[in-house]
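# Structural overview
Residue strings, one per chain:
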Amino acid sequence: MSLHEEPQVNLTHEQLKFKEHTERAAHFIKIDLFRSAREEFKAALQYQPGDTNCLQQIAVMNANIARDRKTVLIVVPVVALIIVLVVLL
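Given the structure is predicted, the values throughout are model-derived calculations rather than measurements. (Residues numbered from 1 in each chain as written. Predicted model: local features only at pLDDT ≥ 70, side-chain atom pairs only at ≥ 80, totals over all residues. Heavy atoms only, no water.)

### A look at the overall build of the chain
The condition is simple: Helix and strand assignments follow DSSP, with helices taken as H or I runs no shorter than four residues and strands as E runs no shorter than two, numbered in order from the N terminus. Using C-alpha atoms as the atom set, the radius of gyration is obtained and then compared with a globule rule of 2.2 Å times the number of residues to the power 0.38.
On a plain count of helices and strands, the chain comes out with three helices and zero strands. Shown N-terminal to C-terminal, the secondary structure of the chain runs as helices and strands in the order α-α-α. The C-alpha radius of gyration of the chain comes to 19 Å, more than 25% above the 12 Å expected for a compact globule of 89 residues. Its C-alpha atoms give the chain principal-axis dimensions of roughly 70 × 30 × 15 Å.

### Side note on the nonpolar core
Our working definition: To define a nonpolar core, start from buried Ala, Val, Leu, Ile, Met, Phe, Trp, Tyr and Cys residues and group those joined through side-chain atoms within 4.5 Å. Per-residue accessibility, obtained with a 1.4 Å probe over protein chains only, is compared with the maximum for each type, and a residue is labelled buried under 20%, exposed over 50%, and partly exposed between these values. Only heavy atoms enter the contact rule, under which two residues are in contact if any of them lie within 4.5 Å.
Grouped together as the largest cluster of nonpolar side chains are 11 residues: Phe18, Ala25, Phe34, Ala37, Phe41, Ala44, Leu45, Cys54, Ile58, Met61 and Ile65. Put simply, the parts of the chain that give this core at least two residues each are helix H1 (13-30), helix H2 (34-45) and helix H3 (52-88). A total of five residues in this core trace back to one element, the largest contributor, which is H2. Once residues within four sequence positions are removed from consideration, Ile65 is found in contact with Phe34, Arg35 and Arg38.

### Notes on the environment of Asp68
Relative to the helices and strands, Asp68 resides in helix H3. Sequence separation of Asp68 and Asn10 is 58 residues, and the distance between their C-alpha atoms is 40 Å.

### Some thoughts on H2
Heads up, the condition is: One less than the residue count of a helix, multiplied by 1.5 Å, gives the span that helix is expected to have.
Between its first and last C-alpha atoms H2 spans 17 Å; for 12 residues at 1.5 Å apiece the expected length is 16 Å, and the two agree. Those residues of H2 lying buried are Phe34, Ala37, Arg38, Glu40, Phe41, Ala43, Ala44 and Leu45. Residues of H2 that are buried in the fold lie against H1 and H3.

What follows is the structure in C-alpha coordinates.
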(Lines give C-alpha, C1' and ligand atoms only; values in the text may rest on other atoms or scores of the structure.)
Protein backbone atom coordinates (compact mmCIF):
# COMPACT_ATOMS: atom_id res chain seq x y z
CA MET A 1 0.00 0.00 0.00
CA SER A 2 1.43 3.40 -0.97
CA LEU A 3 1.47 6.42 1.31
CA HIS A 4 -1.44 8.03 -0.54
CA GLU A 5 -3.82 5.10 -0.36
CA GLU A 6 -6.39 4.83 2.37
CA PRO A 7 -7.28 1.40 3.65
CA GLN A 8 -10.61 0.10 2.35
CA VAL A 9 -12.25 -0.54 5.71
CA ASN A 10 -15.49 -2.52 5.49
CA LEU A 11 -16.70 -1.06 2.19
CA THR A 12 -19.41 -2.96 0.40
CA HIS A 13 -18.93 -3.84 -3.26
CA GLU A 14 -21.30 -1.01 -4.23
CA GLN A 15 -19.46 1.53 -2.08
CA LEU A 16 -16.10 0.45 -3.46
CA LYS A 17 -17.27 0.67 -7.09
CA PHE A 18 -18.92 4.05 -6.41
CA LYS A 19 -15.68 5.35 -4.93
CA GLU A 20 -13.64 4.02 -7.87
CA HIS A 21 -15.86 5.77 -10.41
CA THR A 22 -15.98 9.09 -8.56
CA GLU A 23 -12.21 9.10 -8.02
CA ARG A 24 -11.64 8.33 -11.70
CA ALA A 25 -14.03 11.17 -12.59
CA ALA A 26 -12.04 13.55 -10.39
CA HIS A 27 -8.85 12.60 -12.23
CA PHE A 28 -10.52 13.22 -15.58
CA ILE A 29 -11.68 16.65 -14.42
CA LYS A 30 -8.12 17.62 -13.51
CA ILE A 31 -7.08 17.14 -17.13
CA ASP A 32 -10.26 18.67 -18.63
CA LEU A 33 -11.70 15.41 -19.95
CA PHE A 34 -15.26 16.41 -19.12
CA ARG A 35 -17.03 13.80 -21.25
CA SER A 36 -15.08 10.99 -19.61
CA ALA A 37 -15.72 12.48 -16.18
CA ARG A 38 -19.44 12.70 -16.93
CA GLU A 39 -19.53 9.03 -17.94
CA GLU A 40 -17.74 8.03 -14.72
CA PHE A 41 -20.29 9.96 -12.64
CA LYS A 42 -23.08 8.23 -14.58
CA ALA A 43 -21.43 4.86 -13.87
CA ALA A 44 -21.18 5.76 -10.17
CA LEU A 45 -24.93 6.37 -10.11
CA GLN A 46 -25.44 2.69 -10.91
CA TYR A 47 -24.03 1.91 -7.46
CA GLN A 48 -25.66 4.78 -5.57
CA PRO A 49 -28.72 5.87 -7.55
CA GLY A 50 -29.84 9.43 -6.95
CA ASP A 51 -26.57 10.59 -5.36
CA THR A 52 -26.90 14.38 -5.37
CA ASN A 53 -23.18 15.04 -5.73
CA CYS A 54 -22.97 12.86 -8.85
CA LEU A 55 -26.07 14.48 -10.32
CA GLN A 56 -24.64 17.95 -9.66
CA GLN A 57 -21.29 16.98 -11.16
CA ILE A 58 -23.01 15.63 -14.28
CA ALA A 59 -24.72 19.01 -14.69
CA VAL A 60 -21.37 20.79 -14.25
CA MET A 61 -19.74 18.49 -16.81
CA ASN A 62 -22.58 19.18 -19.26
CA ALA A 63 -22.03 22.93 -18.81
CA ASN A 64 -18.28 22.54 -19.36
CA ILE A 65 -18.87 20.45 -22.49
CA ALA A 66 -21.30 23.07 -23.85
CA ARG A 67 -18.81 25.87 -23.12
CA ASP A 68 -16.02 23.98 -24.89
CA ARG A 69 -18.28 23.28 -27.87
CA LYS A 70 -19.03 27.00 -28.23
CA THR A 71 -15.32 27.80 -28.07
CA VAL A 72 -14.54 25.30 -30.81
CA LEU A 73 -17.36 26.60 -33.00
CA ILE A 74 -15.86 30.09 -32.74
CA VAL A 75 -12.16 29.22 -33.04
CA VAL A 76 -12.30 26.73 -35.92
CA PRO A 77 -13.87 29.11 -38.49
CA VAL A 78 -11.44 31.87 -37.50
CA VAL A 79 -8.44 29.56 -37.93
CA ALA A 80 -9.82 28.30 -41.25
CA LEU A 81 -10.23 31.90 -42.45
CA ILE A 82 -6.65 32.73 -41.45
CA ILE A 83 -5.36 29.67 -43.32
CA VAL A 84 -7.31 30.62 -46.45
CA LEU A 85 -6.00 34.18 -46.29
CA VAL A 86 -2.41 32.97 -45.89
CA VAL A 87 -2.78 30.60 -48.85
CA LEU A 88 -4.30 33.33 -51.04
CA LEU A 89 -1.67 35.92 -50.17
